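Coordinates in review
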Amino acid sequence: MMNTIIGLEQHVQLKTNAKLFCECPTEGYLEAEPNTLVCPVCVSHPGSKPYGVNEEAVRNAVKISLALGCKVVTEKPILVQRKHYFYPDLPSNYQRTSKPIAKDGMLSGVRIREVHLEEDPGRYDLRTGKVDYNRSGIPLVEIITEPDIKSPEHARKFLDELQAIMNYLNVAREEAGSTRIDANVSIGGHNRVEVKNINSFKGVLTALTYEAMRQKNLIKNNIEIIQETRHFDEGQGTTIGLRLKETAADYRYFPDPDVPPITISEKKVKEIKKEIPELPAEKAKRFVRDYTVSETDAFVITQEKEFADGFEKIAHKIQPRLAARFMRGVLKKQLNYRGLKLSNSGLNEKKIIELLELVEKKRITPKVAEKLLVLMLDEQKPLKKLPLYEELVGIEKEGIVEEAVEKVLKEYEKAVKDFKKGEEKALHFLIGKVMHLTKGKAHPEIIHKHLKKRLKAG
Amino acid sequence: MRKGECSASGHLEEKTKVIEQKEGQLNAFLHLDFEGARKKAGEIDEKIRKKKKLGKLAGLVIAIKDNICVEGMPCTAASKMLENYVAPYNATVVEKILQEDGIIIGKTNLDEFACGSDCTKSAFKISRNPVDTERVTGGSSGGSAVAVASGMADLALGSDTGGSIRCPASFCGVVGFKPTYGLVSRYGLLDLAMSFDQIGPFSKDTYGAALLMEVISGEDPRDSVTKGTKDRDYTRLLDKTKKKLKIGIAKEFFEGCDKEVEKVVKEIIEKLGERHEILEVPLPISRYSVPIYFLNVFAEFSSAMQKYDGLKYGAFWEELNLVDAVSEVRDRTLGKEVKRRILLGTYITMKEFKDAWYTKTLKARDLMRKEFDNAFKKVDLLASPTNPSLPWKIGEKNEDPVQMYLADTLTTTANICGIPAGVVKAAFCGKLPVGVQFMGRIGEDEKVLAAMKSVEELAGRDMDDEHNNRS
């Protein structure tokens, strides 16, 4: 048996105004000059004390926990512990991390073991030996799964769903480096290997695929798998053993005397629960049910809340299945390609409806719609101001299609005869010729309509 | 001052003269800031001239223990590790003192990182007891006690983790007070053991301690253990507190105590019986205060000291290898007692030994708290000697750390339980002062202060007379 078993630990930065234990701002910490968003607390100057746990961070962590179906710990105070290890990015040389604030959730068929709240260390640049503490103290949630993930693809799916939930809750940071993942991988009951330093959702599939393959090869060749920690090398797409000493790290955890335990009341949990919007999985189900869109379309469309909301508005004006197919296939692709979101693309629901109405009325083909969309994105002009629009859509008004039909009917008399004898294929041939003549700008159905009319008449 | 009979600047100059006279012999200070003090005194005199409102501490000259941050002044904790460290911010207590027009004159000597009981473990100098310069000041806040006892400062701040204010107060014959845990913000106080540390005042008399308490206590968002603390007028409460208090004594307090210390403390307690009710209470667990205290402190201290890696501030060691750089800087700049505590604290919190040591010591701490809670159901206060012995000769207890630890047996209990405790001079043994200690319920700091004032009223005058006659 070569079953792959994977467990994940995600660290996700929370969106809060202030850091976890002081009042330093978090906004723009990546772009700010190094060590400008700091105070004695987050640099751990002698004598500084943590201000107590940031309430907003607790709220956000609870919200995430609830969205993951976890039970929030309300029955007892949650201790904040010190995890001791020496590293230059850690100003106190210990990291404050809470005991679980929630347990026993489920996502994508994967059990969530527990959720913690902790502080992010600074950023240590190994090349220059410099540390930037702007990040030090930014709140993180740590989400730990049971080893229920069965393949790298499953891990990717789990993380896609997790990312979608984070997007809906709008309580986590989404910029690069705001999520870091550690994975435990074991195969067929052999030793477990921890892969660290996976810094993007994209990296997970690469890292896990490589690691699973590496382990399978070792097993095939009867080489024992060493229980170890390996680093993911994003550039190479490989994992590298760290050759650490045999002894396991001893973090000497103990409760931080400076931080009163976190208490979360049932009342607060209920209050936070009310703030949770319809989540992607529910929304996707509803889209399938109410708009009869395919499950795949519904899944993709509901990954981001604003996108899903946009779809719903559009689906009130446009046939939902057409809208879904276009948004999932064409719109999403073009936005992703440009690294844009619906909100900052210059597009809005109204503009998309305008475009899709043309498709719906068969005035343009979906292919042409994509061309127009590309122009709308790149030239940032309204649909009707695009020269191509005039050329494509204007084609009907000016009788260009009719003209072309006449021309083709004259030129290919044999085909006309064949059609009249009942050969459907001949009609397709004629449509093709008209399309060729109109340089693909006329919609086949429109041509079809004109042809039929003329052929009947003639 | 208001009447213009004296000025802040004038008063400061008097103190400056005393410092110039005595500091060379006593070594109370690690840093003096005459210039800054004169500037502040000038500002206060300006306020007087303009008839502006004056703060509660207007013109008083105050010394700060060198493990409390004063912006722009060095904060060394008497360690080579922080020899070149200048605090970039004010501790909350310092901010409050400045707001109330106190004049900060400088930073006082201590045992390195407050690890010690006699102020001989400073990396820079040994403070000397003004009563007998061959003898120790007590510690760790020895410099602050000396500054007040010798008249170099009106008031001083110390920190007390297991007696570091009360021991030197007793040895130097001044008032020293450790507030209820969480009553005074620790923001800006360098950690020794976070769940024990409190900042507190030194003064000539109880009124002075009450006054400084009034200024420095209260809730501070920058130290979350102060949450819920109310601002209180301790000077007013000093007179308003119930006149007759129930004071408990335990026979355990006198076990292992020098006979002469036992005698004078028992005498003063007997005298207190004229005004208050004295009761016997059993406190068998208090015998274990030293092991309970030190094991907890080692554990917390080892964690607190992690930050001193020579990479961010303080001493720095040029090494290519990071691990070597951190190891070297810690090895070369930290003193023996500090290293001992870090190593022991690390050991007892390691996975393999945690249950046998640290977990047990936490349980023992709980037991002791319960025992004291029970005692406080019967009495308002507990009275005891401060130290089992008189101030020893400098160098006397250097060899055996356990002997040094045992000197803290009567003061550590208050920190273990988080209760307020204060020390006031009870009498002299020969020329050496002996302080009596009172401990009270959590949050009833004013009762402790009231009992201390009783001692001053009942015994203070005869004692001074007696002392004056003798010397």
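Not measured: the values here are computed from a predicted model.

All right, on to the nonpolar core then. Formed by 120 residues in total, the largest nonpolar core has its most connected members in B:Phe113, B:Ile216 and B:Phe438. Those residues in contact with B:Phe438, other than ones at most four positions away along the chain, are B:Ile247, B:Leu272, B:Leu382, B:Ala383, B:Pro420, B:Ala421, B:Gly422, B:Val424, B:Val448, B:Ala451, B:Met452 and B:Val455. In terms of nonpolar packing, the next biggest core, distinct from the first, is built from 97 residues, A:Val53, A:Ala183, A:Val269 and A:Ile353 among them.

Before going further, it helps to spend a moment on the pairing of strand β5 (residues 102-107) of chain A. Residues and elements named next belong to chain A. Pairing of strand β2 (residues 71-72) with β5, which is carried by two bridges, proceeds in the antiparallel orientation. Note that in β5 the partner of lysine 71 across the bridge is lysine 103. Pairing of β5 with strand β6 (residues 110-119) involves five bridges; the strand directions are antiparallel. When the bridges of β6 are listed, leucine 107 appears paired with valine 110. Between β5 and β6, which pair antiparallel one after the other, the connecting turn spans two residues, and serine 108 there sits at a positive phi close to 55°.

Attention shifts here to the environment of B:Val174. Residues and elements named next belong to chain B. In this structure, valine 174 sits in the loop between α5 (166-172) and β5 (175-178). Take valine 174: its relative accessible area is 3%, and that puts it in the buried class. C-alpha separation for the pair valine 174 and lysine 425, spaced 251 residues apart in sequence, amounts to 6.2 Å. What valine 174 contacts, discounting residues up to four positions off in sequence, is Ala145, Val148, Ala149, Ala169, Phe202, Ser203, Val423, Val424 and Lys425.

Residue and element names in this part refer to chain A. Taken as a whole, the second largest pocket encloses approximately 1,000 Å³ of empty space. Those elements that provide at least two residues to the lining of the second largest pocket are α2 (152-169), α3 (201-220), α6 (295-301), α7 (305-315) and α8 (320-337). For the lining of the second largest pocket, a count of residues per class yields 13 nonpolar, eleven polar and ten charged. Lining the lining of the second largest pocket are residues from two domains, each supplying at least three of them: domain 1 (4-273) and domain 2 (280-397).

As a further point, take the domain arrangement of chain A. Interface extent is often summarised as the accessible area lost during association of the parts. All names here are of chain A. Assigned domains of chain A: these are domain 1 (4-273), domain 2 (280-397) and domain 3 (400-457). Once you take the C-alpha centre of each, domain 2 and domain 3 turn out to be 31 Å apart. Each side of the interface is counted separately: domain 2 has nine residues, and domain 3 has eleven residues. Taking both sides of the interface into account, the surface hidden between domain 2 and domain 3 amounts to around 890 Å²; carbon and sulfur atoms contribute 64%. At the boundary of domain 2 and domain 3, one finds zero salt bridges. The dominant element in the side of domain 2 that touches domain 3, judged by the number of residues it contributes, is helix α11 (residues 387-397), at four residues. Residues belonging to the side of domain 2 that touches domain 3 are distributed by class as follows: four nonpolar, one polar and four charged.

Scoring rules and cut-offs
- Residues numbered from 1 in each chain as written.
- Chains lettered and ligands numbered in written order.
- Predicted model: local features only at pLDDT ≥ 70, side-chain atom pairs only at ≥ 80, totals over all residues.
- Heavy atoms only, no water.
- Core = buried A, V, L, I, M, F, W, Y, C linked by side-chain atoms within 4.5 Å.
- Buried < 20%, exposed > 50% of the residue type's maximum accessible area, 1.4 Å probe, protein only.
- Contact = heavy atoms within 4.5 Å.
- Pairing = 2+ DSSP bridges.
- Helix = DSSP H or I, 4+ residues; strand = E, 2+ residues; numbered from the N terminus.
- 1 Å grid on protein atoms, 1.4 Å probe; cavity = no way out; pocket = protein on both sides within 12 Å on 5 of 7 lines; lining within 4 Å.
- Points joined across faces, edges and corners; volume = space filled by probe spheres on them.
- Nonpolar A, V, L, I, M, F, W, Y, C, P; charged D, E, K, R; others polar.
- Domains from an automatic or database assignment.
- Buried area = accessible area lost by both parts, 1.4 Å probe.
- Salt bridge = Lys/Arg side-chain N within 4 Å of Asp/Glu carboxyl O.

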